[in-house]
Amino acid sequence: MLKLGVLAIQGAVSEHVETLKLALSRLSLSGSIELVKRPSDVEKIQGIVVPGGESTVIGRIAERMGLLKVLRDKIENGLTVFGTCAGAILLAKEVYDAKIGKVDQPLIGTMDIKIVRNYYGRQKESFEVDILIPVVGSKPFRGVFIRAPAIESVGSKVKVLATYEGLPVLVQQDKMLAATFHPELTNDTRIHELFIKNVLDR
Amino acid sequence: MVDRLEELKDFLYGLLEARDKMKDMFTQTPLPSELRIPIKGTIVVKRGFAQMQKGGVCMDVTNVEQAQIAEDAGAVSVMVLDKLPYDVRKAGGVARMADIKVIEEVMAHITIPVMAKCRIGHYMEAKVLEYIGVDMIDESEVLTPADDKHHINKWLFKTPFVNGARNLGEALRRIYEGASMIRTKGEAGTGNVSEAVKHMKQIMGEIRALRAMNDEEILETARKYNVPYELVKETARLGRLLVVNFAAGGIATPADAALMMLLGADGVFVGSGIFKSSDPEARAQAIVLATSYWDDPEIIVEACRMVSEKSSMIGIDIKSLKPEELLQVRGE
């Protein structure tokens, strides 16, 4: 049976659990969702979601718990991962803040992308807009951008699956998927289904 | 005769239109099914901001140095105040919004969200905070209320609001006014968690009671709480508030934070508890750890080891406070 995990240190954990459950049922798959809080939890799962929240908080606690290193090793050895917003920041190799510049924060750092935190500004600039993601179908996807980061540049192995105003917002490199918006805050499960397909496709 | 009828019809339609406009003040007009241009400040991004704070600790700070300590310790956001609630209590007088310069300085130096408090009903303090760009506004009973009858109509803002509540009725009234997040009031500045416990249990208990109610009882409850039937019905269906529910007011130790999580809080606010202790760095880290791992006894113990009870803020017994000294009764 399929076992999927959600990194459950801080942030929109239950939202991802619910969306994954819905995605599994829409794909007519059975599976369970585990909360990942300890390094040993990573052994049990075939794919992991790194949720939105505050990347500094998730990164610092994950480092302290020894989770960051375990996740880095597992992902480098093929564990399927999907990061949203803060999760995308944690997956990036290079991160800086739009206003403060260089930031010193613990990262998983397995994806060849460069991320700018708080790119669109503060919370009052947060927005919703429809974006086109051809790999999940022609129907537009409602993008919920909350204090969202931007992917400034990507390495040669990274596929850009969607853009907004010319910047990548959904990217994939091997089994790693990263979104700068929050599909878990909509009822649309298509990106979570894509993640599950990545898990199955080994 | 026909003219009179037409006149009457126009008049009635005018009334209906006015009613709809009144209603719009307190709800958000639904978004179109297709969004080609971005829309800011929607209900989803406002409530979503609060969802991203879940499992985290928002810390009260009064200057940049404290904000940096908070960020380094793993705070999910900071709340900028002129004085910590404990000092507000001691100083007396009128407590108002913090200095704009201090708030802006904090925003310029840290990457995590920055919140600030405005007085209950003080629309202008809130507008100022929205303009300078704080990420969330706390319409807080810790400051001296500016309006003893009305809270701010929070639907008029793009910036999300958090409000305090002692029971489900208060929580639903604030959500109806547009709050994107609820927190218990507790009794701020006391270092005494007992009131936060009382308020969290009260809200959770009342939601459980809702779940067993039939439509007639839900209607009666809606009348009692002074909120629309649909809001109570939806809360009953979900079995939780429509927005994130944090604990606040008197949290001083890692065990306090873990206790509030156990009672069903989505996260915690720590006011005086950190910077009124004599070990703020270690305490801030310990409270963050205990909030994330509230269901893991081993880590709670580790968090408790990081602090010393000798360093905790002294605290105030609620019974020793005169009725007029209670902050939680402000703004129902």
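This text goes with the structure placed above it.
Worth saying up front: this structure is predicted, and the values here are computed from it rather than measured.

(A) Region of interest: the interface of chain A and chain B. Counting residues at the interface gives 41 residues for chain A and 54 residues for chain B. Between chain A and chain B, a total of about 3700 Å² is buried, with carbon and sulfur atoms accounting for 52% of that surface. Where chain A touches chain B, the interface holds nine salt bridges. Scanning the region where chain A abuts chain B turns up 30 residue pairs in polar contact (both at pLDDT 80 or more). With five residues, helix α2 (residues 55–64) of chain A is the largest single contributor of residues to the side of chain A that touches chain B. Looking at the side of chain A that touches chain B residue by residue, the classes come out as 15 nonpolar, 10 polar and 16 charged. The pairing of strand β8 (residues 127–131) of chain A with strand β1 (residues 39–40) of chain B spans two bridges and is antiparallel. If you follow F127 of chain A over to β1 of chain B, its bridge partner there is K40 of chain B.

(B) The arrangement of the sheet that holds strand β9 (residues 268–270) of chain B in detail. All names here are of chain B. In space, the eight strands of this open sheet follow the order β8-β7-β6-β5-β4-β3-β2-β9, with parallel pairing throughout. Strand pairing shows two members of the sheet lacking a second neighbour, β8 (244–246) and β9, which therefore form its edges. Between one strand axis and the next, the sheet turns through 30° on average, direction left out of account. Alignment of strand β5 (residues 136–140) against strand β6 (residues 161–165), held across three bridges, turns out to be parallel.

(C) Representation of the pattern of salt bridges within the structure. One pass over the full model with this rule turns up 39 salt bridges over all chains. Taking the shortest distance from any N to any O, the salt bridge between D135 of chain B and R122 of chain A comes out at 2.7 Å. Taken as a pair, D135 of chain B in the loop between α6 (123–132) and β5 and R122 of chain A in the loop between β7 (111–117) and β8 lie in two separate chains rather than in one. Of the two residues, D135 of chain B and R122 of chain A, neither departs from the other in class, the shared state being buried. By sharing partners, the salt bridges in this structure join K117, D138, E141 and R183 of chain B into a single network.

(D) Examining the packing of aromatic side chains more closely. Overall, the coordinates contain 12 aromatic pairs over all chains when judged by the stated rule. For the pair Y119 of chain A and Y120 of chain A, a centre-to-centre distance of 5.0 Å together with 85° between the ring planes defines the contact as edge-to-face. Here Y123 of chain B and F157 of chain B contribute two aromatic rings whose centre-to-centre distance is 5.5 Å and whose plane-to-plane angle is 65°, an arrangement assigned as edge-to-face. Highlighted residues: Y123 of chain B in helix α6 and F157 of chain B in the loop between β5 and β6, separated in sequence by 34 residues. Here a set of aromatic residues connected by ring pairs shows up, and it is made of Y119, Y120, F127, F141, F145, Y164 and F181 of chain A. Seen from the ring of Y131 of chain B, K124 of chain A lies directly overhead, with NZ or CZ sitting 5.6 Å from the centre. Over the aromatic face of F157 of chain B sits the side chain of K127 of chain B, whose NZ or CZ is 4.5 Å from the ring centroid.

(E) Quick peek at the packing of helix α7 (residues 168–176) of chain B against helix α10 (residues 229–238) of chain B. Residues and elements named next belong to chain B. The contact between α7 and α10 brings their axes to 11 Å, and the two run at 115°. Considering how the two elements wind past one another, α7 and α10 form a crossing that is right-handed. Contacts from L172, I175 and Y176 of α7 reach α10 at L231, V232 and T235. Residues of the contact of α7 with α10, tallied by class, amount to five nonpolar, one polar and no charged.

(F) Highlighting the pairing of β5 of chain B. Residues and elements named next belong to chain B. Judged by how many residues are buried, β5 sits mostly within the fold: five of five residues are covered. When strand β4 (residues 114–119) meets β5, the two strands line up parallel, connected through five bridges. Within the sheet, the bridge partner assigned to M115 lies in β5 and is M136.

(G) Spatial organisation of the sheet that holds β7 of chain A. Residues and elements named next belong to chain A. Pairing is mixed in the open sheet, where four strands are placed in the order β6-β5-β7-β10. Sheet topology places β6 (101–102) and β10 (150–154) at the edges, where each strand pairs with a single neighbour. As defined by bridge partners, β7 adjoins β10 across four bridges and the pair is classed as antiparallel. Pairing of I113 across the sheet is with V154, part of β10.

(H) Region of interest: unusual backbone geometry. All names here are of chain A. Within the chain, R147 stands out as a residue other than glycine whose phi angle is a positive 40°. The topology assignment puts R147 in the loop between β9 (141–145) and β10. What makes R147 buried here is its relative accessible area of 9%. Phi at D174 takes a positive value of approximately 50°, unusual for a residue other than glycine. When you line up the elements, D174 lands in the loop between β12 (167–173) and β13 (176–179). A relative accessible area of 58% means that D174 is categorised as exposed.

(I) Region of interest: a nonpolar patch on the surface. On the surface, L5, L8, F11 and L12 of chain B cluster together into a nonpolar patch covering about 420 Å² of accessible area. With respect to the secondary-structure elements, L5 of chain B resides in helix α1 (residues 2–25).

Reading the values: the criteria
- Residues numbered from 1 in each chain as written.
- Chains lettered and ligands numbered in written order.
- Predicted model: local features only at pLDDT ≥ 70, side-chain atom pairs only at ≥ 80, totals over all residues.
- Heavy atoms only, no water.
- Contact = heavy atoms within 4.5 Å.
- Buried area = accessible area lost by both parts, 1.4 Å probe.
- Salt bridge = Lys/Arg side-chain N within 4 Å of Asp/Glu carboxyl O.
- Polar contact = N/O pair within 3.5 Å; in protein donor to acceptor, adjacent residues only side chain to side chain.
- Helix = DSSP H or I, 4+ residues; strand = E, 2+ residues; numbered from the N terminus.
- Nonpolar A, V, L, I, M, F, W, Y, C, P; charged D, E, K, R; others polar.
- Pairing = 2+ DSSP bridges.
- Axes fitted to C-alpha atoms, helices over the stretch in contact; angles between N-to-C directions.
- Buried < 20%, exposed > 50% of the residue type's maximum accessible area, 1.4 Å probe, protein only.
- Phe/Tyr/Trp six-rings, centres within 6.5 Å; stacked < 30°, edge-to-face > 60°.
- Lys NZ or Arg CZ within 6 Å of the ring centre and 35° of its normal.
- Left-handed = near helix turned anticlockwise from the far one by under 90°.
- Patch = residues over 30% accessible without salt bridge, like charges linked within 9 Å, V, L, I, M, F, W, Y side chains within 5 Å.
- Areas by Shrake-Rupley, 256 points an atom, 1.4 Å probe, with all protein chains shown as cover.

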